[in-house]
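Breakdown of the fold
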Amino acid sequence: MKKIILFLLISITTFGQKKPEDFGYKHLTFTFKKLTVDVLIQSKKGEENIQKPLFFWCQGSMPQPLLKYDETGLYGTFPFDVDDFLSDYHLVIVGKPGVPLISDVKDLKAEYQYLNENDSVPKIYSEHNYLDYYVERNDFIIKKLLKEKWVSKNKLVLAGHSEGSTIVAKLATKNKKVTHLIYSGGNPYGRILNILQQQIFIYKDYEAIEYWKSVVANKQNITYNGRDTYKATYDFSQPSAIHLKKLKIPVFITYGTKDWNAPYNDLLQIEGIQLGLKNIEFKPYFDVEHNYFPVNEKREPDYEIYNWENVGKDWKNWLNKN
């Protein structure tokens, strides 16, 4: 995503000595499967210890630090306007395995990724970057957080975008404390279909089918090969529609009509009507792509128009009604 992502105008003099708490975040660490897990909590200033429900956010793919900064300040940790949620919720986000919590963007590679000198991902990341690891880890963290006095137990919102949407869909079937689910920018029939649609549009071929054959033949392989591991692609290509159809809690599905996943969200909506799934609500955003930026006829995004704030407000309005 381009640098137009929202950032907080915070002085970064002697930034290297700063901690998440210096920027208004509560930083918790847990140990899960012998790995240290970084958890950030953002609360309304002065209300950090006021009992509120959790808004648990699962970000998309790639090994990005949670906190990124440059000479102008700290980049936004959440893509939406957090002020829409802080009066009612404590916001939670969890770091990626093997990726530092905080980094100067000049030390990051393309798309703000934390990579090794040879541009490979950290080994710990590639070995743990798969669906069930994230589901089990996040379930573990939620259960830990629900024991805190400042966390209300009467409501628990899971929200995820892109890869994160697949995680929260499965997690919602596992953790019975979840009361609301926001599924954003995901493909309910699996990641491989996004890859295929993009391949057809750009290259006019079906090479993704051959790639999928390799993925299926090596579906437990966690070796980095210049893209997501075979296991990651296989796991995130399993249909989250299976999980979404099981849920009885309110579910809100949002997506751009120019995203590669759009036809499959439409398919799920058609199926949902046929199955009488009254708990799932869909909201397509017309003529925008995966991250809600408008696109031209070549599907090139216009990064000057930032729609995440509007999407976040729609989520909050939906939560208020449900």
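Source: prediction; values computed, not measured.

The rules behind the values
- Residues numbered from 1 in each chain as written.
- Predicted model: local features only at pLDDT ≥ 70, side-chain atom pairs only at ≥ 80, totals over all residues.
- Heavy atoms only, no water.
- Core = buried A, V, L, I, M, F, W, Y, C linked by side-chain atoms within 4.5 Å.
- Buried < 20%, exposed > 50% of the residue type's maximum accessible area, 1.4 Å probe, protein only.
- Helix = DSSP H or I, 4+ residues; strand = E, 2+ residues; numbered from the N terminus.
- Contact = heavy atoms within 4.5 Å.
- Expected span 1.5 Å × (residues − 1).
- Pairing = 2+ DSSP bridges.
- Axes fitted to C-alpha atoms, helices over the stretch in contact; angles between N-to-C directions.
- Parallel < 35°, antiparallel > 145°, perpendicular 65-115°, else oblique.
- Left-handed = near helix turned anticlockwise from the far one by under 90°.
- Nonpolar A, V, L, I, M, F, W, Y, C, P; charged D, E, K, R; others polar.
- pLDDT = per-residue confidence, 0-100.

Looking now at the nonpolar core. Ranked by internal contacts, the top residues of the largest apolar core, which has 52 residues, are Val-39, Leu-145, Leu-158, Leu-181, Leu-244 and Ile-253. Sorting elements by how many residues they give to this core places helix H2 (residues 131-145) first, with 7 residues. Ignoring sequence-local partners within four residues, the contact set of Leu-145 consists of Leu-28, Phe-30, Ile-41, Leu-54, Val-92, Trp-150 and Val-151. Counting 32 residues, the second-largest nonpolar core is a separate cluster that includes Phe-85, Tyr-292, Val-311 and Leu-319.

Counted at 1.5 Å a residue, the expected span for helix H4 (residues 191-203) with its 13 residues is 18 Å, and the 18 Å between its end C-alpha atoms agrees. Here H4 has its buried residues at Arg-191, Ile-192, Asn-194, Leu-196 and Gln-199. Lys-204 occupies a position one or two residues after H4 and carries a positive phi of about 55 degrees.

Okay, unusual backbone geometry next. One non-glycine residue, Glu-111, lies in positive phi territory at about 60 degrees. One non-glycine residue, Tyr-112, adopts positive backbone phi at about 60 degrees. Within the secondary structure layout, Tyr-112 lies in the loop between strand S8 (102-104) and helix H1 (123-128).

Checked against the element boundaries, Pro-239 lands in the loop between helix H6 (230-236) and helix H7 (241-246). Classification of Pro-239 by relative accessible area gives partly exposed; the value is 26%. Sequence-wise, Pro-239 and Thr-166 are 73 residues apart; in three dimensions their C-alpha atoms are separated by 8.4 Å.

Turning our eyes to something else, we now look at the sheet that holds strand S12 (residues 280-285). Overall, mixed pairing links the 8 strands, which are arranged S2-S3-S7-S4-S9-S10-S11-S12 in an open sheet. At either end of the open sheet lies a strand with only one pairing partner, and these are strand S2 (25-32) and S12. Across the sheet, the mean angle separating the axes of adjacent strands is 20 degrees when strand polarity is ignored. Pairing of strand S10 (residues 180-184) with strand S11 (residues 251-256), which is carried by 4 bridges, proceeds in the parallel orientation. Residue pairing for S11: Tyr-183 is matched across the bridge by Ile-253.

On to the packing of H2 against helix H3 (residues 163-174), then. Where H2 contacts H3, the two axes come as close as 9 Å, and the packing angle between them is 60 degrees. Judged by the inter-axis angle, H2 sits oblique to H3. Read as a crossing pair, H2 and H3 show a hand that is right-handed. In this structure, H2 uses Leu-131, Asp-132, Tyr-134, Val-135, Asn-138, Asp-139 and Ile-142 to contact H3, whose residues at the interface are Glu-163, Thr-166, Ile-167, Lys-170, Leu-171 and Lys-174. Tallied by class, the residues present in the contact of H2 with H3 amount to 6 nonpolar, 2 polar and 5 charged.

Before going further, it helps to spend a moment on the confidence of the model for the protein. On average, residues of the protein carry a pLDDT of 94, and 95% of them reach 70 or more. Averaged over each element, pLDDT in the protein is lowest for strand S1 (residues 7-8) (37) and highest for S10 (99). Here residues 1-15 is a poorly scored stretch, pLDDT under 50, and it has 44 contacts once near neighbours within four places are set aside; other chains count.

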